[in-house]
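Tertiary structure, described
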Amino acid sequence: NAGVTQTPKFRILKIGQSMTLQCTQDMNHNYMYWYRQDPGMGLKLIYYSVGAGITDKGEVPNGYNVSRSTTEDFPLRLELAAPSQTSVYFCASSPGNNEQFFGPGTRLTVL
Amino acid sequence: QKEVEQNSGPLSVPEGAIASLNCTYSDRGSQSFFWYRQYSGKSPELIMFIYSNGDKEDGRFTAQLNKASQYVSLLIRDSQPSDSATYLCGVGGGADGLTFGKGTHLIIQP
């Protein structure tokens, strides 16, 4: 099992550009999450999903969108990138007991 | 709003000693408690989880939970230089993921 995979690993965006961060898991987990981690800070929940077709907002959803068309994939869309979205983004999945497995992360810089 | 508090450190511990990491949380309805280790530039890695009051041991690691005091801790015995990392406390109660503290930076001095 590859676990949770994320692409790209690094990305630099210009202000106002858009992009999609990809996340895929092969553990057949129903629950998936997107977090962002700013330097010296903990993880903040952006969006989560409890199954295909179901998504909900977390603590910091503004400026982001998600979709969940399959169990495996949970992409995160950034529209009109802003410098405040410079962060490391982690995708995680869980079998439902809150035990979460994290992907390697995407380091995003918005200039 | 759910809050999880951790001392950011750095916490410096001699090699071979016991490292004690602490975490408090605000939501009394929280049901699951996790400790993750995160090396610089890497993703969080699950070390321990605990659901019930008391102690849970796994090798050199012991998690302790006191729901009445809303307090959870992680003890690392026989600390090794490879234990040097940031330790994140995660607290959860439902499908909406975990609330994390800012993490404690632990340094094991050889």
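In short, a report on the structure. (Residues numbered from 1 in each chain as written. Chains lettered and ligands numbered in written order. Predicted model: local features only at pLDDT ≥ 70, side-chain atom pairs only at ≥ 80, totals over all residues. Heavy atoms only, no water.)

Here we look at the state of the cysteines
Residues and elements named next belong to chain A. Put simply, the rule reads: In plain terms, two cysteine sulfur atoms within 2.5 Å form what is called a disulfide here. Every helix listed is a DSSP run of H or I at least four residues long, and every strand listed is a run of E at least two residues long, numbered separately from the N terminus. Categorising residues by exposure relies on relative accessible area from a 1.4 Å probe, with only protein chains included: less than 20% of the type maximum marks a residue as buried, more than 50% marks it as exposed, and the intermediate range marks it as partly exposed.
In this structure the tally under the stated criterion is two disulfides over all chains. Between the sulfur atoms of Cys 23 and its disulfide partner Cys 91 the distance amounts to 1.8 Å. For the disulfide bridge between Cys 23 and Cys 91, the dihedral angle about the S-S bond is near -70 degrees, and by the sign convention the bridge is left-handed. Here Cys 91 lies in strand E9 (residues 87-94) and Cys 23 lies in strand E3 (residues 19-25), a separation of 68 residues in the sequence. Each member of the pair Cys 23 and Cys 91 is classed as buried.

Considerations on the side chain of Gln37(A)
Short version of the rule: Nitrogen and oxygen atoms within 3.5 Å of one another constitute a polar contact, given that in protein one can donate a hydrogen and the other can accept it, and given that sequence-neighbouring residues count only through two side-chain atoms. Any two residues whose heavy atoms approach within 4.5 Å are treated as being in contact.
Topologically, Gln37(A) is positioned in strand E4 (residues 31-37). A polar side-chain atom of Gln37(A) sits 2.9 Å from a polar atom in the side chain of Gln38(B). Not counting the four nearest positions on each side in its chain, Gln37(A) is found in contact with Gly42(A), Leu43(A), Ser87(A), Val88(A), Phe90(A), Gln38(B) and Leu88(B).

Examining the nonpolar core
All names here are of chain B. Cut-off, in case you're wondering: The term nonpolar core refers to a set of buried residues drawn from Ala, Val, Leu, Ile, Met, Phe, Trp, Tyr and Cys, joined through side-chain atoms within 4.5 Å.
Ranked by size, the top nonpolar core spans 23 residues in total, and within it Trp 35, Val 72, Leu 74, Ile 76 and Tyr 87 carry the most contacts. Among the elements of the structure, strand E3 (19-25), strand E4 (32-38), strand E5 (45-50), strand E7 (61-66), strand E8 (71-76), strand E9 (85-92) and strand E11 (104-109) are those that each provide at least two residues to this core. Filtering out sequence-adjacent residues up to four positions away, Tyr 87 remains in contact with Gln 6, Leu 21, Trp 35, Tyr 36, Arg 37, Ile 47, Leu 74, Ile 76, Gly 103, Thr 104 and Leu 106.

Thoughts on the layout of surface pockets
In plain terms, the rule: For each structure, a 1 Å grid was placed over the protein atoms alone; sets of points admitting a 1.4 Å probe that cannot get out are labelled cavities, open sets with protein on both sides within 12 Å along at least five of seven lines are labelled pockets, and lining residues have an atom within 4 Å of a point. Grid points are joined across faces, edges and corners, and a volume is the space filled by probe spheres set on the points. Asp, Glu, Lys and Arg are counted as charged, while Ala, Val, Leu, Ile, Met, Phe, Trp, Tyr, Cys and Pro are counted as nonpolar; the rest, among them Gly, fall into the polar class.
Space inside the largest pocket adds up to approximately 650 Å³. What lines the largest pocket is a set of 29 residues, and nearest its centre among them are Gln37(A), Val88(A), Arg107(A), Gln38(B) and Gly41(B). The set of elements that each furnish at least two residues to the lining of the largest pocket consists of E9 and strand E11 (106-110) of chain A together with E11 of chain B. Here the lining of the largest pocket gets four residues from one element, more than from any other, and that element is E11(A). Within the lining of the largest pocket, the residues separate by chemical class into eight nonpolar, 16 polar and five charged. As a volume, the second largest pocket reaches approximately 460 Å³. Lining of the second largest pocket is provided by 22 residues; of these, Lys44(A), Glu59(A), Gln1(B), Lys2(B) and Thr99(B) occupy positions nearest its centre. Mapped by element, the contributors of at least two residues to the lining of the second largest pocket are strand E5 (43-51) of chain A together with strand E1 (4-5) and strand E10 (98-100) of chain B. Top element by residues in the lining of the second largest pocket is E5(A). It accounts for four residues. Its residues assigned to classes, the lining of the second largest pocket shows seven nonpolar, seven polar and eight charged.

Some remarks on the sheet that holds E1(B)
Residue and element names in this part refer to chain B. Put simply, the test is: Note on pairing: DSSP must find at least two bridges between two strands before they are called paired.
Strand order in this open sheet of five strands is E1-E3-E8-E7-E6, and the pairing throughout is antiparallel. Unpaired on one side and paired on the other, E1 and strand E6 (54-58) mark the two borders of the sheet. In the sheet, E1 pairs with E3 via two bridges, with the strands oriented antiparallel. In the strand pairing of E3, Val 4 is matched with Tyr 25.

Comments concerning the sheet that holds strand E8 (residues 76-78) of chain A
Residues and elements named next belong to chain A. Spelled out, the test is: Axes here mean lines fitted to C-alpha atoms, for a helix over just the part in contact, with angles spanning 0 to 180 degrees between N-to-C directions.
Spatial strand order, E1-E3-E8-E7: four strands in an open sheet with antiparallel pairing. At either end of the open sheet lies a strand with only one pairing partner, and these are strand E1 (4-7) and strand E7 (64-66). Neighbour to neighbour, the strand axes of the sheet diverge by 20 degrees on average, direction disregarded. With three bridges connecting them, E3 and E8 associate as antiparallel partners. Within the sheet, the bridge partner assigned to Thr 20 lies in E8 and is Arg 77.

In short, shape yes, function no, at least from these values alone.
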